[in-house]
Amino acid sequence: MDFNVKKLASDAGVFFTRAVQFTEEKLGQAEKTELDAHLENLITRADGTKNWTEKILRQTEVLLQPNPIDHTGARIEEFIYDKLDKKLPSRGTNAELLGQYMLEAANEFGPGTPYGSTLITVGEYQKRLGSAERELLHTSATTFLTPLRNFLEGDWRTISKERRLLENRRLDLDICKARLKKAKQAEAKAALLSEEVDKAEHELRVAQTEFDRQAEVTRLLLEGISSTHLNHLRCLHDFAEAQATYYAQCHHYMQDLQRELNRCANSVSAPLSSAAVCPDPVSSAFLSGPPSPGATVSSSSQRPSTLTMEQSQLPVTGTRKAKVLYDYDAHDASELSLLADELITVYTVPGMDPDWLVGERGNEKGKVPVTYLELLS
């Protein structure tokens, strides 16, 4: 017990002495040992890395979960499960929830009605968009957010601890310098014995050694910021790749949904029976063009296996070159698969859906979506 009290009193004395030294330095009443320029630059760079990493992390979280209520709730839930070392349960996205509501509404309104069948179509695609968003959230958290958070909660805490220790060593060093200076002044006035000066010099040498050692440890940690930048660079590439994949999927789904809705509108306006409705989105998600008069809405009767002979023999209009903007996988034998940046010949034929063109590449021919092309003059 006595030992603890003595240690507590000693620590309090050291803290008070350091506080006095720090205050006098701020007031310009005491000299301060300056760090070398290289170490100062490393500290400035590390502070910038920490500050910008915090801002990027927070804003990325807001970007991925923009709703303030969901954002706060999700953060609290993630924090609790992380502290309990348990896996966070899977949570549906807003788009998936919207899609589910649409499907449930369609069942109540009647899936055979035009409104009900359209709700089913849009609802299915909303669920696909939500699934793609959930994959983006998972990939971004794993490859980007977690490494940034690990740096702030791990490496940066270690750096901060060593920097605080370095500052204490510097204060101790300057305190010893001040004591030695006072001892020499007193000795010159014959008011202090020479052994007191020797003691002050010894304390200064010890303080200088501890300061130099701590400065080297801190310098090595700060130089590791370069490795942190390289790691975050790789994570940034992964995050951008995840975003590109997500937006490409969304673009693809929305193009398919537009074709579905166009066929739905055409089928409603066509002189068909009153029971005609939009086709099922799963069985005929990639059909295009209005149905022929008198045809049923069955997907099996509408899906073409290849370009019809009549269409291919119609006069070609507007033959020109086109550059492919994105990869495209043909969904049936009537379409032509595309590779980004390749050049193909495209043209249209009378009566063809305006969202599509006929594309040719060598001996291959098939329909291609206009939105995947850049038409060249």
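Residues numbered from 1 in each chain as written. Predicted model: local features only at pLDDT ≥ 70, side-chain atom pairs only at ≥ 80, totals over all residues. Heavy atoms only, no water.

S.K.: Quick question: what am I supposed to make of the overall build of the chain here?
M.R.: In terms of regular secondary structure, the chain is built from 9 helices and 5 strands. In the chain, the order of α-helices and β-strands from amino to carboxyl end is α-α-α-α-α-α-α-α-α-β-β-β-β-β. Restricting the contact set of the chain to residue pairs at least 6 apart, pairs at least 24 apart contribute 68%. Total accessible area computed for the chain in this model is approximately 22,900 Å², and 57% of it derives from carbon and sulfur atoms. (Helix = DSSP H or I, 4+ residues; strand = E, 2+ residues; numbered from the N terminus. Contact = heavy atoms within 4.5 Å. Areas by Shrake-Rupley, 256 points an atom, 1.4 Å probe, with all protein chains shown as cover.)

S.K.: Help me understand the nonpolar core in this model?
M.R.: Most often, soluble globular proteins have nonpolar side chains that are buried together. Ranked by size, the top nonpolar core spans 44 residues in total, and within it Leu35, Leu39, Phe144, Leu166 and Leu222 carry the most contacts. When neighbours within four sequence positions are excluded, Leu222 is seen to be in contact with Leu39, Leu42, Ile43, Ala46 and Ile159. Formed by 16 residues, the second largest nonpolar core is a distinct cluster that contains Leu336, Val346, Met352 and Trp356. (Core = buried A, V, L, I, M, F, W, Y, C linked by side-chain atoms within 4.5 Å. Buried < 20%, exposed > 50% of the residue type's maximum accessible area, 1.4 Å probe, protein only.)

S.K.: I would appreciate a short explanation of the confidence of the model for the chain in the present structure.
M.R.: With 74% of its residues at a pLDDT of at least 70, the chain reaches an overall mean of 80. Of all secondary-structure elements in the chain, the lowest mean pLDDT belongs to helix α8 (residues 299-302), at 37, while helix α2 (residues 37-64) reaches the highest, 94. Counting interchain partners and residues more than four positions distant, the pLDDT-below-50 stretch residues 68-72 has 4 contacts. Here residues 271-315 is modelled with pLDDT under 50, and outside its nearest four sequence neighbours on either side it reaches 83 contacts, counting other chains as well. (pLDDT = per-residue confidence, 0-100.)

S.K.: Quick question: what am I supposed to make of helix α4 (residues 94-109) here?
M.R.: Within an α-helix, residues lying three or four positions from one another point in the same direction, as the helix has 3.6 residues per turn. Look at α4: 22 Å from first C-alpha to last across 16 residues, which is about the 22 Å you get at 1.5 Å a residue. Taken residue by residue, α4 has Ala95, Glu96, Gly99, Met102, Leu103 and Ala106 as its buried positions. In a view along the axis of α4, the buried residues occupy a sector of 120 degrees, so they form one face of it. Phi turns positive one or two residues past the end of α4, at Gly110, with a value near 110 degrees. (Expected span 1.5 Å × (residues − 1). Arc of directions from axis to C-beta.)

S.K.: What am I meant to see in the pattern of salt bridges here?
M.R.: It is possible for side chains bearing opposite charge to pair when their charged atoms get close. Inspection of the entire model under this criterion finds 16 salt bridges. Measuring nitrogen to oxygen at the nearest pair gives 2.6 Å for the salt bridge that ties Glu223 to Arg219. Note that Glu223 and Arg219 are positioned in helix α6 (residues 194-223) at a spacing of 4 residues, about one turn of the helix. The salt bridge involving Glu360 is made with Lys365; its shortest N-O contact spans 3.6 Å. Exposure remark for Lys365: the relative accessible area of 38% places this residue in the partly exposed category. Taken together, the salt bridges that share partners define one network made up of Arg18, Arg169, Asp172 and Glu210. (Salt bridge = Lys/Arg side-chain N within 4 Å of Asp/Glu carboxyl O.)

S.K.: Before we go on, may I ask you to explain α6 in this structure?
M.R.: Between its terminal C-alpha atoms α6 stretches 43 Å, which fits the 44 Å expected from 30 residues at 1.5 Å a residue. Within α6 the residues assigned to the buried category are Val197, Ala200, Leu204, Ala207, Phe211, Gln214, Ala215, Thr218 and Leu222.

S.K.: How should the packing of aromatic side chains be read in this particular structure?
M.R.: Each aromatic ring pair is summarised here by two numbers: the centre-to-centre distance and the angle between the ring planes. Evaluation of the coordinates by the stated rule reveals 6 aromatic pairs. Summarising the aromatic geometry, the rings of Phe109 and Tyr115 are spaced 5.5 Å apart at their centres and angled 20 degrees between planes, so their arrangement reads as stacked. Note on Phe109: relative accessible area 45%, which makes it partly exposed. Consider the rings of Tyr326 and Tyr372, whose centres lie 5.8 Å apart with planes at 90 degrees: the pair is edge-to-face. Highlighted residues: Tyr326 in the loop between β1 (317-324) and β2 (343-348) and Tyr372 in the loop between β4 (364-369) and β5 (373-375), separated in sequence by 46 residues. Take Tyr372: its relative accessible area is 4%, and that puts it in the buried class. Following the ring pairs from residue to residue traces out a cluster consisting of Tyr326, Tyr328 and Tyr372. It is Lys55 that lies over the ring of Trp52; its NZ or CZ is 4.5 Å from the centre. The ring of Trp356 carries the charged tip of Lys367 above its face, separated from the ring centre by 5.2 Å. (Phe/Tyr/Trp six-rings, centres within 6.5 Å; stacked < 30°, edge-to-face > 60°. Lys NZ or Arg CZ within 6 Å of the ring centre and 35° of its normal.)

S.K.: What should I look at first to understand the pairing of strand β3 (residues 356-361) in this one?
M.R.: Across 3 bridges, β2 lies against β3 in antiparallel orientation. The partner of Tyr347 across the bridge, within β3, is Val358. Judged from the 6 bridges that link them, β3 and β4 form a sheet pairing that is antiparallel. Paired with Leu357 across the bridge in β4 is Val368. Between β3 and β4, which pair antiparallel and follow one another directly, the connecting turn spans 2 residues, one of which, Gly362, has a positive phi of 65 degrees. (Pairing = 2+ DSSP bridges.)

S.K.: Mind showing me how you'd approach the packing of α2 against α6 here?
M.R.: Between two packed helices, both the angle of their axes relative to each other and the distance between the axes serve to describe the pair. Put simply, α2 and α6 touch, their axes get as near as 10 Å, and they point 45 degrees apart. Taken together, the axis directions place α2 and α6 in an arrangement best described as oblique. Of the two elements, α2 crosses α6, and the hand of that crossing is left-handed. Here His38, Leu39, Leu42, Ile43 and Ala46 of α2 lie close against α6, whose contacting residues are Ala215, Arg219, Leu222 and Glu223. (Axes fitted to C-alpha atoms, helices over the stretch in contact; angles between N-to-C directions. Parallel < 35°, antiparallel > 145°, perpendicular 65-115°, else oblique. Left-handed = near helix turned anticlockwise from the far one by under 90°.)

S.K.: How do you make sense of the side chain of Asp353 when you look at a structure like this?
M.R.: Summarising the element assignment, Asp353 is placed in the loop between β2 and β3. The buried charged residue Asp353 lacks any salt bridge partner; its closest oppositely charged side chain belongs to Arg259, at an N-O distance of 7.2 Å. Of note is the side chain of Asp353, whose polar atom sits 2.9 Å from the backbone nitrogen of Asp355. (Lys, Arg positive; Asp, Glu negative; His and termini not counted. Polar contact = N/O pair within 3.5 Å; in protein donor to acceptor, adjacent residues only side chain to side chain.)

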